[in-house]
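Below are the chains, spelled out letter by letter.
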Amino acid sequence: MAKSAVVRKTIKNMLGGVSQQPPLQRLESQCEEMINCVPSLTEFLKRRNGARFVSELIGSVDNSAFIGFIERGDNEAGIVIVNKLGLVSVYNLAGRLIGHGASNYLVCDSPKDAIKLCTVRDYNFLLNTKKTVLAEPKGTQTKPYDSLCVIKQVAYGETYYLQQTIDRGYGSNSKQRGFTVPATPAGEITAGYILTKLNSFGVFADMSRAFYVCNGEFHPMIAGLDIPLPPHITEYIMANGITKYSEWGKPCPASQCTGTLIPFTAPLNIDKLYKNVGVSANGAELYDSSGGALTATIKHQCKSFSELPVVAPAGYYVEVSGDPANNTDDYYLEFKVTGDSLSDGSMGVGGWVERAKWNEDTGLNNSTMPVVLKINSGSITIETVDWKKRTAGSIDTNPDPSFVNKTIRDIFFYKNRLGFITDDSVILSEAGEYFNFYQTTALALLDSDPIDIAVSGTKVSAFKFVVPYAEALFIYTDRSLYALEYGEVLSTASVELKPVLQFDTSLQAKPCVCDTNIYYAGRNGAYNQIREYKPTDQTDQYGYSNDITSHIPKYISGDIKDMLVSLEDGIMFLINSTDIVYCYSFIKDNGELLLSSWHKWKFTYPVIAGTLFQGWLYLVFKKPDNNLYLGRLAVSAADNLYKDETAKNSSANYISSYTYSPYYLRDSNGRVQDISTMIRTMSLKYSAGSDFKIIINRKGRKQETRLADKRRDFTRFLAAGENKNTTVKIESVEDKPFNIIETDLEVVYASRS
């Protein structure tokens, strides 16, 4: 037999936000829906502030435009708009146009998906994630001098030889001249004297390579002239306008050639000398009668640094062989004249400095790398960065960064280094040098050198976002989270990528950091899941991840574009380019979660971008004609505006509403009692000045509306409906405020005896 009883219950707060769990499993503080409200521990349930109109922005834009915000410190912020033609417009947060600019690098089909903005100190980087990074094409560096001819020691009675081998691609000849230093010279013999003496022997002629010009055509002196034609023949033909020549390998058909003899001549000389070193453009070499103890010849290569002279022509370059025993690679040097020299400074005393190998790509193609947006007092400029070239080593020993021939997925700043990610690698610049991604020396691995590390494994999803967090760096894919770990110093020698978490979602927006947590949004079917990752300070643990939307699995829809969070105001906003902004209100005290509330704000027009700045939420709205305007609303502070301004001198009322969950009795331990319950009366307590209406819907009955009693701080009304079949909603009245404190209920229930 059942009997009825009447009890009075109080919902102490209405701050728990929306829950999509079965009503029996919800908390008393949770609701069916909350729109355009703000839950607050001190001000209870109140209306959100209205959005104030700031300014019209750029003219009509299509749906592909990128819209982002620059935030530099506490006093500087702005809006950046990029269209598919690479045109850039920048506004300050007062809505004033600062300027326009353009960059071919930014041209793409869908800027909103391709362009990313990152501010690093005085630099605002714009990244095109669809642009493939290229290296500069291979250069060609000529060799004005083939060889360095060095006299290491002057020895009386010894002979010094100058030899030259001529190779023009069609054969070679060697000629040699010698000079013997007298055993008892009349005066001092210097190295320069010996070089001058050897250089005075003139030229030699190779008649086997000569040819005649006879009767307007040319032919070889002997049979067997090589094809292709030797350069000296080709040059003569071009200079003299000769258009006929005899068949290959056939000498002059005349019994005796009466043409002009053109010999092949090659100088046997040193082109320039200073002190004990001469240089030759024609490959001259020095030998001596002591088996090389007195001379040396360097032809852009040597086995060790000790072989190099302190005198050389400016710019002469050389490859020094590495030593496998000491685990050193080949390296490359160039001579700099710093002391006594020839009058023109082209050759003299100096030293060898490290350089990159010649005839290889020199570095990054600037036109395929991120650009810098500079904001001046009344204008902007889009600058192509002069990214530093390779200055040491070769493409093998100091390779191009791994983002070359790939697209860059994200850009970030970490530990005084500029960073990029590709699908599978993390690349950090040289410490303190944001524009350098090459080692500065091939002779040693420095802690400050750039870092380039790839993830290992065969089933790795492409890297998508990077989140610097305190001392850590986290890299997100659609399926996992990685952490960049290192020893005492962040360097190539100590860094590694380690997997932290696995999850099954598709990331939509860049994760955001708030206090000790990282929040990230993932698409799960038609709806979104928001997770909270909590790293730990223990070196052997990575922390854990919670789904803070597990109780609203089908609440947050659309593609999340931006995640904005403010610890000071205790709120996170999710922007998805619709007229709905999803909100998560939270308050934490020493790690304890005092408030966790999901709800939504609804506006007149779609919100396509936003930022938090100095207690204000700045939003970019898009009207049906595709024109944009900037609005802002105070997040927490009272603003006494309860309508949304949509233009200058124009506004629209918005409705704030709170829909109660079906109420169920709970026992003394808080357990829900699944028993038949009738809500007899409800009484709402609120702050003075509140104005709202109460809408009651009972199954099978006509909707009823009650107005709040503005003469008192509470309103009591008859609900008279079964909990499962009665819906009660609080709704705002025009542009009037409300602050609802608590709800008292008079409940009739039937219990089994």
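Let me sum up the structure you'll find in this document. Please read these numbers as outputs of a predicted model, since none were measured by experiment.

**As for the overall build of the chain**
Alright, step 1. Scanning the chain from N- to C-terminus turns up three helices and 59 strands.
Alright, step 2. Burial status across the chain gives 48% buried among its 753 residues.
Alright, step 3. Considering only intrachain contacts with a sequence separation of at least 6, the fraction spanning at least 24 residues in the chain is 61%.
Alright, step 4. When the accessible area of the chain is evaluated, it comes to approximately 35000 Å², of which 47% is carbon and sulfur surface.

**As for the packing of aromatic side chains**
How two aromatic rings sit relative to each other is given by the distance of their centres and the angle of their planes.
Alright, step 1. Throughout the structure, instances matching the rule amount to 32 aromatic pairs.
Alright, step 2. Ring centres of Phe-179 and Tyr-193 lie 5.9 Å apart, and the angle between their planes is 70°; this geometry places the pair in the edge-to-face category. One end of the pair, Phe-179, is in strand E15 (residues 172–180); the other, Tyr-193, is in helix H2 (residues 191–198), with 14 residues separating them in the sequence.
Alright, step 3. On the basis of relative accessible area, Phe-179 is assigned to the buried category, the value being 12%.
Alright, step 4. Note on Phe-403 and Phe-420: the rings are 5.3 Å apart at their centroids and 85° apart in plane angle, and the pair reads as edge-to-face. Linking Phe-403 in the loop between strand E30 (380–384) and strand E31 (410–414) with Phe-420 in strand E32 (residues 417–421), this pair joins segments that are 17 residues apart in sequence.

**Focus on the pairing of strand E8 (residues 76–82)**
Alright, step 1. A large share of E8 lies buried, amounting to six of its seven residues.
Alright, step 2. Looking at chain direction, strand E7 (residues 66–72) and E8 are connected through seven bridges and run antiparallel. From the neighbouring strand, Glu-71 faces E8, where its bridge partner is Ala-77.
Alright, step 3. Two strands pair when backbone bridges link them, and E8 and strand E9 (residues 87–92) are joined in this way by five bridges, in the antiparallel orientation. Of the residues in E9, the one forming a bridge with Ile-79 is Tyr-91.
Alright, step 4. Counting the residues between successive antiparallel strands, the hairpin from E8 to E9 contains four residues, one of them, Gly-86, with a positive phi of roughly 85°.

**Some words on unusual backbone geometry**
Alright, step 1. Phi at His-300 is positive, roughly 60°, even though this residue is not glycine.
Alright, step 2. Among the secondary structure elements, His-300 is positioned in the loop between strand E23 (295–298) and strand E24 (301–302).
Alright, step 3. One non-glycine residue, Asn-416, adopts positive backbone phi at about 65°.
Alright, step 4. With respect to the secondary-structure elements, Asn-416 resides in the loop between E31 and E32.
Alright, step 5. Classification of Asn-416 as partly exposed rests on a relative accessible area of 29%.

**What to know about the sheet that holds E31**
Alright, step 1. If you walk across this open sheet you meet the four strands as E31-E32-E33-E34, and the pairing is antiparallel. A single partner strand is all that each edge strand has here, and the edge strands are E31 and strand E34 (451–454). The sheet shows a mean angle of 20° between the axes of neighbouring strands, direction not considered.

**Section: the side chain of Thr-726**
Alright, step 1. Residue placement: Thr-726 occurs in strand E58 (residues 726–732).
Alright, step 2. A polar atom in the side chain of Thr-726 sits 2.8 Å from the backbone oxygen of Glu-722.
Alright, step 3. If we skip the residues at most four places from it in the chain, Thr-726 touches Ile-696, Asn-697, Arg-698 and Gly-721.

**Observations concerning H2**
Alright, step 1. What H2 keeps buried is the set Ala-191, Gly-192, Ile-194, Leu-195 and Leu-198. The buried residues of H2 occupy one face: seen down the axis, they fall within an arc of 160°.

**A look at the state of the cysteines**
Alright, step 1. On inspection of all chains with the given rule, the structure shows zero disulfides.
Alright, step 2. Distance from the sulfur of Cys-37, which forms no disulfide, to the nearest cysteine sulfur (Cys-31) is 8.4 Å.
Alright, step 3. Under the relative-accessibility criterion, Cys-37 is labelled buried at 0%.

**Observations concerning the pattern of salt bridges**
Alright, step 1. Taken as a whole and assessed by the stated rule, the structure comprises 44 salt bridges.
Alright, step 2. For Glu-704, the salt bridge identified is with Arg-706, shortest N-O distance 2.8 Å.
Alright, step 3. Assessed through its relative accessible area of 22%, Glu-704 is described here as partly exposed.
Alright, step 4. The class of Arg-706 is partly exposed, set by a relative accessible area of 31%.
Alright, step 5. One salt-bridge network, in which partners are shared between bridges, spans Arg-8, Arg-680, Arg-716 and Glu-746.

**Digging into the nonpolar core**
Alright, step 1. Counting 50 residues, the largest nonpolar core has Met-563 and Met-572 as the members making the most contacts within it.
Alright, step 2. Apart from residues lying up to four places away in sequence, Met-572 is in contact with Cys-512, Tyr-519, Ile-530, Ile-548, Met-563, Leu-564, Val-565, Tyr-582, Cys-583, Tyr-584, Phe-586 and Trp-598.
Alright, step 3. One finds Leu-106, Val-120, Val-133 and Val-372 within the second-largest nonpolar core, a separate group that totals 38 residues.

**A closer look at the environment of Asn-359**
Alright, step 1. Relative to the assigned elements, Asn-359 resides in the loop between strand E28 (347–355) and strand E29 (371–375).
Alright, step 2. With 35 residues separating them along the chain, Asn-359 and Ser-394 place their C-alpha atoms 9.8 Å apart.
Alright, step 3. Ignoring any residue separated from it by four or fewer positions in sequence, one finds Asn-359 in contact with Lys-138, Gly-139, Thr-140 and Gln-141.

Rules behind the numbers
In every chain, residue numbers begin from 1 and rise along the written sequence. pLDDT decides what is reported in this predicted model: residues at 70 or higher carry local features, side-chain atom pairs at 80 or more are listed and counted, and totals for whole chains, interfaces and linings draw on all residues regardless. The basis for the side-chain values is all heavy atoms of the structure; hydrogens and waters are excluded. Each helix corresponds to a stretch of at least 4 residues labelled H or I by DSSP, and each strand to a stretch of at least 2 residues labelled E; elements are numbered beginning at the N terminus. Note on classification: 1.4 Å probe, protein chains only; a residue is buried when its accessible area is under 20% of the maximum for its type, exposed when over 50%, partly exposed between these limits. Contacts between residues were defined by any pair of non-hydrogen atoms, one from each residue, lying within 4.5 Å. Surface accessibility in these figures is a Shrake-Rupley result with a 1.4 Å probe; residues are shielded only by whichever protein chains are displayed. Between the rings of Phe, Tyr and Trp (Trp by its six-membered ring), a pair exists once the centres lie within 6.5 Å; its type follows the angle of the planes, with under 30 degrees stacked, over 60 edge-to-face, and the other angles tilted. Should DSSP find at least two bridges between two strands, the strands are taken to pair. Axis definition: a line fitted to C-alpha atoms, limited for helices to the stretch in contact. Angles are taken between N-to-C directions and run from 0 to 180 degrees. Side-chain atoms alone can form a polar contact between residues adjacent in sequence; in general such a contact is a pair of N or O atoms within 3.5 Å, and within protein one must be able to donate a hydrogen while the other accepts it. Arc, as used here, means the arc of the directions from the helix axis to the C-beta atoms. Here, a disulfide means two cysteine sulfur atoms that sit within 2.5 Å of each other. By convention in these notes, a salt bridge is any Lys or Arg side-chain nitrogen within 4 Å of a carboxyl oxygen on Asp or Glu. By convention a nonpolar core is built from buried Ala, Val, Leu, Ile, Met, Phe, Trp, Tyr and Cys residues, the set being connected through side-chain atoms within 4.5 Å.

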